[in-house]
Amino acid sequence: MTTFTYRVVNAFVNNDTKNEELKGNPAAVIVLASDESGSISKEEKQTVARKLGLSETAFVREDVNKGGGRKYFNIEWFSPTCQVGLCGHASLASAACLFRDVLAANGEKQSSEPIVFVYDDGKSELVLERCEITGAITMSFPASPPVPVADEEASRRIELF
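Residues numbered from 1 in each chain as written. Predicted model: local features only at pLDDT ≥ 70, side-chain atom pairs only at ≥ 80, totals over all residues. Heavy atoms only, no water.

Peer 1: Give me the environment of Phe99: which residues, what numbers.
Peer 2: Mapped onto the elements of the fold, Phe99 is located in helix H2 (residues 88-105). For Phe99, a relative accessible area of 1% puts it in the buried group. Along the primary structure Phe99 and Gly135 are separated by 36 residues, whereas in three dimensions their C-alpha atoms are 9.5 Å apart. (Helix = DSSP H or I, 4+ residues; strand = E, 2+ residues; numbered from the N terminus. Buried < 20%, exposed > 50% of the residue type's maximum accessible area, 1.4 Å probe, protein only.)

Structure, rendered in C-alpha cells:
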C-alpha cells in the first residue's frame, strides 16, 4: 500500500483565541501530487479514511489542465465507512492547507487567490476564497434549482414535520 502524508485540521476554530486546540471539527487532509491520483484507488482511499477514524478524510489533487486565473483541485471525501458527496468542514480544512502550505510553497505567500474544488466526477464546483486581512476562508456552494415533487410526496414530507 502507498504511504501518505496527511494533516489533521480543526475547522471552525479561531486560532487567535486560547484553548481552541480541542474545539472545532477535525478532518484529515491528504494532498496528492498531480500525477498520483490515478495510482490510488477508491478502495485505498476508503481504507485510509477508515484507519484515520475521523468523520471525514479529504483527498485533494491539483488539476493542472484547468486554468483561467484560478487554481483548480479535484477533491473527494471519505468517512470511515463510505465516500461522501460533499463535506463542508473537510473542504475548509483542505482549503486551509492549500492556502497556507501548498500554494505558499510554490512562491505564493499565503495566497488569497480563489481556489476551486471540483467534485462529483467534474459536475460540481465549490469556490473558496481567503480574506487577506483576517485569513478567514469563505465557501460559495453551488446552487441547485428547485425540483417539483408529486403532491403525495410533498404531503408526506409535510406530515413528517
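Peer 1: Explain the nonpolar core residue by residue, including any values.
Peer 2: Judged by nonpolar contacts, the single largest core of 20 residues is most densely connected at Val60, Ile75, Trp77, Ile115 and Phe117. Listed by contribution, the elements that provide at least two residues to this core are strand E2 (25-32), strand E3 (57-62), strand E4 (71-78), H2, strand E6 (115-119) and strand E7 (124-130). With 6 residues, H2 is the single largest residue contributor to this core. Counting 8 residues, the second largest nonpolar core, distinct from the first, contains Leu32, Ile40, Val48 and Phe59. (Core = buried A, V, L, I, M, F, W, Y, C linked by side-chain atoms within 4.5 Å.)

Peer 1: Give a description of the side chain of Thr57 that names residues and reports values.
Peer 2: Within the secondary structure, Thr57 sits in strand E3. Sequence-distant contacts of Thr57, that is, excluding residues within four places in its chain, are made with Ala28, Ile30, Ala49, Leu52, Glu76, Trp77 and Phe78. (Contact = heavy atoms within 4.5 Å.)

Peer 1: For the pattern of salt bridges, give the residues involved together with the corresponding values.
Peer 2: Scanning the model with the defined rule gives 3 salt bridges in all. In this structure, Glu62 and Lys71 form a salt bridge, with 4.0 Å as the shortest nitrogen-oxygen distance. (Salt bridge = Lys/Arg side-chain N within 4 Å of Asp/Glu carboxyl O.)

Peer 1: Account for unusual backbone geometry, naming residues and giving values.
Peer 2: Of note, Asp120 is a non-glycine position whose phi angle comes to about 60°, a positive value. Here Asp120 lies in the loop between E6 and E7. Overall, the relative accessible area of 41% leaves Asp120 in the partly exposed class.

Peer 1: Go over the side chain of Ser124 with me, naming the residues and quoting the values.
Peer 2: If you trace the backbone, Ser124 turns up in strand E7. Dropping the residues within four chain positions of it, Ser124 is found in contact with Phe117, Val118 and Tyr119.

Peer 1: Kindly report on helix H1 (residues 42-52), identifying the contributing residues and their values.
Peer 2: When H1 is considered as a whole, its buried residues turn out to be Lys45, Gln46, Thr47, Val48 and Ala49. As for H1, its buried residues are in contact with E2, E3, E4 and strand E5 (83-84). Looking one or two residues beyond H1, the residue adopting positive phi is Gly53, at roughly 75°.

Peer 1: Describe in detail the packing of aromatic side chains, supporting the description with residues and values.
Peer 2: The description of an aromatic ring pair rests on the distance of the ring centres and on the angle between the ring planes. Counted by the stated rule, this structure contains 3 aromatic pairs. On the numbers, 5.7 Å between centres and 90° between planes, the contact of Phe59 with Phe78 is edge-to-face. Of the two residues, Phe59 is situated in strand E3 and Phe78 in strand E4; the sequence distance between them amounts to 19 residues. Each member of the pair, Phe59 together with Phe78, is buried. Between Phe73 and Phe117, the ring centres sit 6.4 Å apart and the planes meet at 75°, which makes this aromatic pair edge-to-face. On the criterion of sequence distance, the pair formed by Phe73 in strand E4 and Phe117 in strand E6 is long-range, its members being 44 residues apart. Residue classification places Phe73 among the buried positions, given a relative accessible area of 2%. (Phe/Tyr/Trp six-rings, centres within 6.5 Å; stacked < 30°, edge-to-face > 60°.)

These figures capture arrangement, not role.
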